[in-house]
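# Overview (structure and organization)
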Amino acid sequence: MASKAIRRRIHHGDVDGGRNEHMETSGLESLSEPLLGSYNDDRIRNEKNDDRSQQDLWDDEKKQQIHWTFLFTQLIAQWAQWLANFILGSGSFLGRLLPPIGSQNGHGSNNNSIILSPLQEERLRNLRQRLEVPFDGTRSDHQDALKLLWRLAYPDRELPPLKSELWKEMGWQGADPSTDFRGGGFISLENLIYFAKNYPDSFQRLLHKRDGKRAEWEYPFAVAGVNISFVLAQMLDLQSGKPTSIAGKRFLELLGDDEMAFDNLYCVAFQMMDAQWLAKRASYMEFNEVLKSTRTQLERELALEDVSSVVDLPAYNLLHQ
């Protein structure tokens, strides 16, 4: 018990992802820019130096618009590839003949070595079905879920219309949150709701940025949550017939223990990301770097021998501070 606690403290303390960089990862290496879109914060923009000319401001805004347009194009392309991987690995004839598209981990030949119990098969199938559902702003159940998220986030405030500038306060990029689910799908909204319901104290701390010394230009909470859902699905290799990465294989074990393992792991990843953000004293443009180091740290913790459930992860304790 003592050695276990010591090992957890060591791994938990390594929040900057600065060691064991050789550890296996499975697909995020191509992401070299922030996944967040152009999050327009009038307060920050008004604090820029007043002596800049109008022409300079116009040039900067034009460059920034082009920059973020490129980033979202990149994210959409990666999401399309993820769906292609999922189709090929979903049990079809082609999926059994061909390795997952873009596979770089060299473990494609080990797919058949994983033997799942009927319970694991069922839960993995249900999770994949959730991952296939895009967010649809015209569906009443999706609208209701978005409203529920607002009520959980701001229980003492009036619910705004589905298109309102007030949604920006939660960290959506514009007045219409439905435009921010391009990469994460409906499951990313479900993840946020699960976080708010099951770990309300942690959810509120992150939403209102209550921990530590915050950056002048913070990451937008809600959009960051969408990105975490997307990266987590990639990290766990859920697009293949059977996950072949170390993290993906370990996740299947966790799924046998907990039907909501993905949602609980999401909550841990979100809290871990914020801890990394504070440790690195990061600002908005460094979000993608923080996301990568969060993934590395999470993969490291999933590889620990004594982890048999999400609650065994050292970073799980962050949810109960």
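Rules and cut-offs
- Residues numbered from 1 in each chain as written.
- Predicted model: local features only at pLDDT ≥ 70, side-chain atom pairs only at ≥ 80, totals over all residues.
- Heavy atoms only, no water.
- Helix = DSSP H or I, 4+ residues; strand = E, 2+ residues; numbered from the N terminus.
- Expected span 1.5 Å × (residues − 1).
- Buried < 20%, exposed > 50% of the residue type's maximum accessible area, 1.4 Å probe, protein only.
- Arc of directions from axis to C-beta.
- Salt bridge = Lys/Arg side-chain N within 4 Å of Asp/Glu carboxyl O.
- Polar contact = N/O pair within 3.5 Å; in protein donor to acceptor, adjacent residues only side chain to side chain.
- Phe/Tyr/Trp six-rings, centres within 6.5 Å; stacked < 30°, edge-to-face > 60°.
- Axes fitted to C-alpha atoms, helices over the stretch in contact; angles between N-to-C directions.
- Parallel < 35°, antiparallel > 145°, perpendicular 65-115°, else oblique.
- Left-handed = near helix turned anticlockwise from the far one by under 90°.
- Contact = heavy atoms within 4.5 Å.
- Nonpolar A, V, L, I, M, F, W, Y, C, P; charged D, E, K, R; others polar.

Going by an unreviewed UniProt entry, the chain carries the name ELMO domain-containing protein and comes from Acorus calamus.

Helix length check: helix α5 (residues 118-131), at 14 residues, gives a terminal C-alpha distance of 20 Å against a target of 20 Å (1.5 Å per residue), a fit within 8%. Regarding α5, the residues found buried are Gln120, Arg123, Leu124, Leu127, Arg128 and Leu131. Angularly, the buried residues of α5 cover 140° about the axis, an arc narrow enough to put them on a single face.

What follows deals with the pattern of salt bridges. Counted under the stated rule, the structure contains 11 salt bridges. A salt bridge links glutamate 165 to lysine 168, with the shortest nitrogen-to-oxygen separation between them at 2.7 Å. Salt-bridge contacts for aspartate 274 lead to arginine 214; the nearest nitrogen and oxygen are separated by 2.8 Å. With aspartate 274 in helix α11 (residues 261-279) and arginine 214 in the loop between α8 (200-207) and α9 (221-235), this residue pair connects regions lying 60 residues apart in the sequence. Since its relative accessible area comes to 2%, aspartate 274 is described here as buried. Taken together, the shared-partner salt bridges in this structure form one network comprising Lys209, Arg214, Glu218 and Asp274.

This brings us to the side chain of aspartate 312. Positionally, aspartate 312 belongs in the segment after α12 (287-302). Exposure remark for aspartate 312: the relative accessible area of 13% places this residue in the buried category. Within the structure, the side chain of aspartate 312 is placed 2.9 Å from the side chain of serine 308, a separation counted as a polar contact.

With that out of the way, let us pick up the packing of aromatic side chains. Within the structure shown, the criterion is met by 16 aromatic pairs. Judged by centre distance (5.7 Å) and plane angle (40°), the rings of phenylalanine 195 and phenylalanine 270 are tilted. Residue phenylalanine 195 is located in helix α7 (residues 186-198), and its partner phenylalanine 270 is located in helix α11; the two are separated by 75 residues in the primary sequence. Grouping aromatic residues by their ring pairs yields a cluster made of Phe195, Tyr199, Phe203, Phe221, Tyr266, Phe270 and Tyr316.

When two helices pack together, their arrangement is captured by the angle between the axes and the distance separating the axes. For the pair α8 and α11, interaxial distance at closest approach is 11 Å and the crossing angle is 40°. Classed by the angle they form, the pair α8 and α11 counts as oblique. In the crossing of α8 with α11, the sense of the turn from one axis to the other is left-handed. Facing α8, whose interface residues are Ser202, Arg205 and Leu206, α11 presents Phe270, Gln271 and Asp274. Among the residues making up the contact of α8 with α11, the classes are represented as two nonpolar, two polar and two charged.

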